[in-house]
2 protein chains.
Amino acid sequence: MAQVSYDFFQLRFFIAVAEELNFRRAAARLNMTQPPLSRQIKLLEDRIGLTLFDRSNRSVRLTPAGESFLKSATDLMQRAEYAVLTARQAERGEVGNVVMGFVPSASLHFVPQIASALKRSMPGVKFEPIEMMSYEIAEGLQSGKLDLGLTRSATHAQEVENILLVREPFVLVLPRDHALCAVANLRVEDLHGVDFVGYSSERGGFLKDIHRALFATVGVTPDTVQEVSQTQTIVSLVNAGLGVGLVPRSASAMQMENVLFRPVAAPKEFNSTLYLNIAPNRGTPLNEKVRATILGALQPRSA
Amino acid sequence: MAQVSYDFFQLRFFIAVAEELNFRRAAARLNMTQPPLSRQIKLLEDRIGLTLFDRSNRSVRLTPAGESFLKSATDLMQRAEYAVLTARQAERGEVGNVVMGFVPSASLHFVPQIASALKRSMPGVKFEPIEMMSYEIAEGLQSGKLDLGLTRSATHAQEVENILLVREPFVLVLPRDHALCAVANLRVEDLHGVDFVGYSSERGGFLKDIHRALFATVGVTPDTVQEVSQTQTIVSLVNAGLGVGLVPRSASAMQMENVLFRPVAAPKEFNSTLYLNIAPNRGTPLNEKVRATILGALQPRSA
DNA sequence: TTGAAATGATACACTTCCTGTATCAAGCGT
DNA sequence: ACGCTTGATACAGGAAGTGTATCATTTCAA
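All figures in this text were calculated on a predicted structure; none of them were measured in a lab.

A. Region of interest: helix 1 (residues 8-20) of chain A. Residue and element names in this part refer to chain A. An ideal rise of 1.5 Å per residue puts 18 Å on 13 residues; helix 1 measures up with 18 Å between its terminal C-alpha atoms. Taken residue by residue, helix 1 has Phe-8, Gln-10, Leu-11, Phe-13, Phe-14, Ile-15, Ala-16, Val-17 and Ala-18 as its buried positions. Of the residues one or two after helix 1, Leu-21 is the one with positive phi, at around 55°.

So this is what it looks like as structure tokens:
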């Protein structure tokens, strides 16, 4: 490509002549004299291999090719100006793309919250959230395909910054007709021997590890009837009556016919966490603004 | 407008550097040496007031503004090339706009035929037919608002070329239950004393004049119960049973429940005519092609 | 019919500015 | 620590654009 043989200033000359249809007046408007203008127009015609003006018997008129080229020329000039303005906005971080990978359990509450916060305070920024597995997020952040990540555990990739966004307790999700619904002040001990729908270790398995540690601490062994990888699936299976589950509190946004969410007393170290991962190319105004907006929207505690 | 301070060749330089991210390689690709390239890039940055590259610690990287400007720059280059190609097409008459005014009676048969012929053989041309009165067509052709006209009589405006496209006989349009339906080989004389729906003199009145001359020649006076300006209206009123009418044969394309069309013997000089009017700015390839296409589609006789 | 004014094209000298060569300062790899 | 590579700088040469002067042609008016 790039076989453009003419130049912007020639376009400006051409537009002036096309609008005035008079070389002298056009030259005056361009703060120059007529001969160089004539020469440049002829040069432009030579370069693009087209006759733009009909200079017959004293009157200057546009040829059909000239009319077409005039439209294109004015369009090009506008776009050329606009290019600078857009670049200025990009420099200030007002426009751009932000691609964020997030784990499925963040899709219910946090992703919508972040998306609306960004849309509100940075309308020129195109925000693209993509649901993916945590190891894919780590890869994407390092390869540069992702600008941000939202994971349950910190991403240990080099140069990736991790910010603890949220620390939320687990809540018990159980069918409406379950015996435990009647129990006030639920404790983890109450789950002993109960049918349980838990996390599999398939995708990172971070939440499964927390559960295992929590149960070990209290000395409880629930009867795990099913292991799945996504929080949404747990709630669905509980809704179907397969057993009870233990999910991050934000999952209670997922209301279903046959499920209830109940708090469970448990030590803070067994809370579920949510981290914002920031790609290594940080420091740009866009990234700074996006980061500040997300932190402001989710009121984080310090990492 | 037109405050574009940079030039196309600088865009080419910028794109090369942005793609290579190395001044020397980019210079080689551009068949030049490195120092002028560095200088032009710096000049470009000065002109647009933006830092496009991060030249820190030996590696060249695009700034956010640079990324944005790179997109715009490649887009501009493509459009700049495309502008020339489009102008070439315009020069050959392959693209452009053709605005044609036409009288209402041409809308049934001829306008669709012309439109489809143009669409078939000149797909890049935008054809815009506008229904208007004949005097408006004459005005439009002279003022340059119209490229073509379609009228029943030649347009006597200066420099306007008239081509006789069609010479068609009048046919009798009459209600299905009318007494004349039974008559074989209808003649004009048969209309004596019959209820007649004719043309008014409101819009040019050319067709009314032909009728009057025709009736005078044969010595017949129909009983004119209604005068209207449009052929379509005549057919509608006949369909409603108000009387019979005499309309150009092409109007028989307008089928209605309660009407029949019948040929009427009449001398050729009383045929209805249809003229193609060509605006004074003729001679362009586009106009020539459009003219040839229309003539080919309607198989005209010589004017 | 004729002369004055205006139009775009051409010729040539001047100036501008872009290019290439030579060179420099700074950072990376060995 | 040395050499290689990177982009930036200085300067001379040359290409190219500009302005002044002028021409040929056409239009308008007297």
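B. Main features of the protein's contact with DNA strand C. Surrounding DNA strand C, one finds 19 residues, the nearest of these being Arg-24, Gln-34, Lys-42 and Arg-55 of chain A together with Arg-58 of chain B. At 3.3 Å, a backbone N or O of Thr-33 of chain B approaches a phosphate oxygen of DNA strand C. Gln-40 of chain B is positioned with one of its side-chain polar atoms (N or O) 3.2 Å from a sugar or linking oxygen of DNA strand C. Those elements giving two or more residues to the surface near DNA strand C turn out to be helix 2 (23-29) and helix 3 (34-48) of chain A together with helix 3 (34-48) of chain B. Here the surface near DNA strand C is built from residues that sort into seven nonpolar, six polar and six charged.

C. Region of interest: the nonpolar core. One finds Tyr-6, Phe-14 and Phe-69 of chain A together with Tyr-6, Phe-14 and Phe-69 of chain B to be the most contacted residues of the largest nonpolar core, which totals 64 residues. Non-local contacts of Phe-14 of chain A, meaning those with residues more than four positions away in its chain, are made with Ile-41, Leu-44, Leu-52, Phe-53, Leu-62, Gly-66, Phe-69, Leu-70 and Ala-73 of chain A.

D. Geometry of the sheet that holds strand 9 (residues 223-228) of chain A. Residue and element names in this part refer to chain A. The strand order across the open sheet formed by five strands is 9-8-10-7-11, and the pairing between neighbours is mixed. Here the strands that pair on one side only, and so sit at the sheet edges, are strand 9 and strand 11 (259-263). Sheet twist, expressed as the mean angle between neighbouring strand axes with direction ignored, is 35°. The pairing of strand 7 (residues 170-175) with strand 11 spans five bridges and is antiparallel. Residue Val-171 lies in a different strand from strand 11, and its bridge partner there is Pro-263. Against the sheet, helix 7 (residues 206-218) touches strand 7, strand 8 (195-199), strand 9 and strand 10 (244-248), its axis set at about 135° to strand 8.

E. Focus on the protein's contact with DNA strand D. Within the structure, DNA strand D sits among 19 residues, and Arg-58 of chain A together with Arg-24, Lys-42, Arg-55 and Arg-58 of chain B are positioned closest to it. Sugar and phosphate atoms form 62% of the subset of DNA strand D atoms that lie within 4 Å of the protein. Within the side chain of Gln-40 of chain A, one N or O atom sits 3.2 Å away from a sugar or linking oxygen of DNA strand D. Between Lys-42 of chain B and DNA strand D, the recorded distance is 2.2 Å, taken from a side-chain N or O atom to a phosphate oxygen. Breaking the surface near DNA strand D down by element, the ones donating at least two residues are helix 3 of chain A together with helix 2 (23-29) and helix 3 of chain B. Looking at which element gives the most residues to the surface near DNA strand D, the answer is helix 3 of chain A, with five residues.

F. Local environment of the pairing of strand 7 of chain A. For strand 7 of chain A, the tally of buried residues reaches six of six residues, placing the bulk of the element in the interior. In strand 7 of chain A, alternate side chains face the same way, and those of Phe-170, Leu-172 and Leu-174 of chain A on one face and Val-171, Val-173 and Pro-175 of chain A on the other are all buried.

G. The interface of chain B and chain A, seen in detail. Residue-level contacts link 36 residues of chain B with 36 residues of chain A. Both faces combined, the contact of chain B with chain A buries some 3100 Å², and carbon together with sulfur accounts for 68% of it. Our enumeration of links across chain B and chain A arrives at zero salt bridges. One can count six residue pairs in polar contact (both at pLDDT 80 or more) joining chain B with chain A. When grouped by side-chain class, the residues that make up the side of chain B that touches chain A number 20 nonpolar, eight polar and eight charged.

H. Quick peek at helix 6 (residues 134-143) of chain A. Residue and element names in this part refer to chain A. For helix 6, the complete set of buried residues consists of Ile-137, Gly-140 and Leu-141. One face of helix 6 carries all of its buried residues, which in axial projection span an arc of 100°. The secondary structure elements touched by the buried residues of helix 6 are strand 3 (96-102), strand 5 (148-151) and strand 12 (272-278). Following helix 6 by one or two positions, Gly-144 adopts a phi angle in the positive range, close to 90°.

I. Spatial organisation of the relation of the copies chain B and chain A. Screw-axis analysis of chain B against chain A gives a translation of 0.1 Å along the axis, an RMSD of 0.4 Å, and a rotation angle of 179°. These values place the two chain copies in the arrangement generated by a two-fold rotation axis. Both copies present the same face, since 100% of the interface residues in chain B are matched by interface residues at the equivalent positions in chain A.

J. Structural context of unusual backbone geometry. Residues and elements named next belong to chain A. The phi torsion at Asn-31 lies on the positive side, around 60°, for a residue other than glycine. Judged by relative accessible area, which is 72%, Asn-31 ranks as exposed. At Asn-185, a residue that is not glycine, the phi angle is positive and equals roughly 50°. As for its position among the elements, Asn-185 is in the loop between strand 7 and strand 8.

Definitions and limits used
Residues numbered from 1 in each chain as written. Chains lettered and ligands numbered in written order. Predicted model: local features only at pLDDT ≥ 70, side-chain atom pairs only at ≥ 80, totals over all residues. Heavy atoms only, no water. Helix = DSSP H or I, 4+ residues; strand = E, 2+ residues; numbered from the N terminus. Expected span 1.5 Å × (residues − 1). Buried < 20%, exposed > 50% of the residue type's maximum accessible area, 1.4 Å probe, protein only. Near = heavy atom within 4 Å. Polar contact = N/O pair within 3.5 Å; in protein donor to acceptor, adjacent residues only side chain to side chain. Nonpolar A, V, L, I, M, F, W, Y, C, P; charged D, E, K, R; others polar. Core = buried A, V, L, I, M, F, W, Y, C linked by side-chain atoms within 4.5 Å. Contact = heavy atoms within 4.5 Å. Pairing = 2+ DSSP bridges. Axes fitted to C-alpha atoms, helices over the stretch in contact; angles between N-to-C directions. Buried area = accessible area lost by both parts, 1.4 Å probe. Salt bridge = Lys/Arg side-chain N within 4 Å of Asp/Glu carboxyl O. Arc of directions from axis to C-beta. Least-squares fit on C-alpha atoms with pLDDT ≥ 70 in both.

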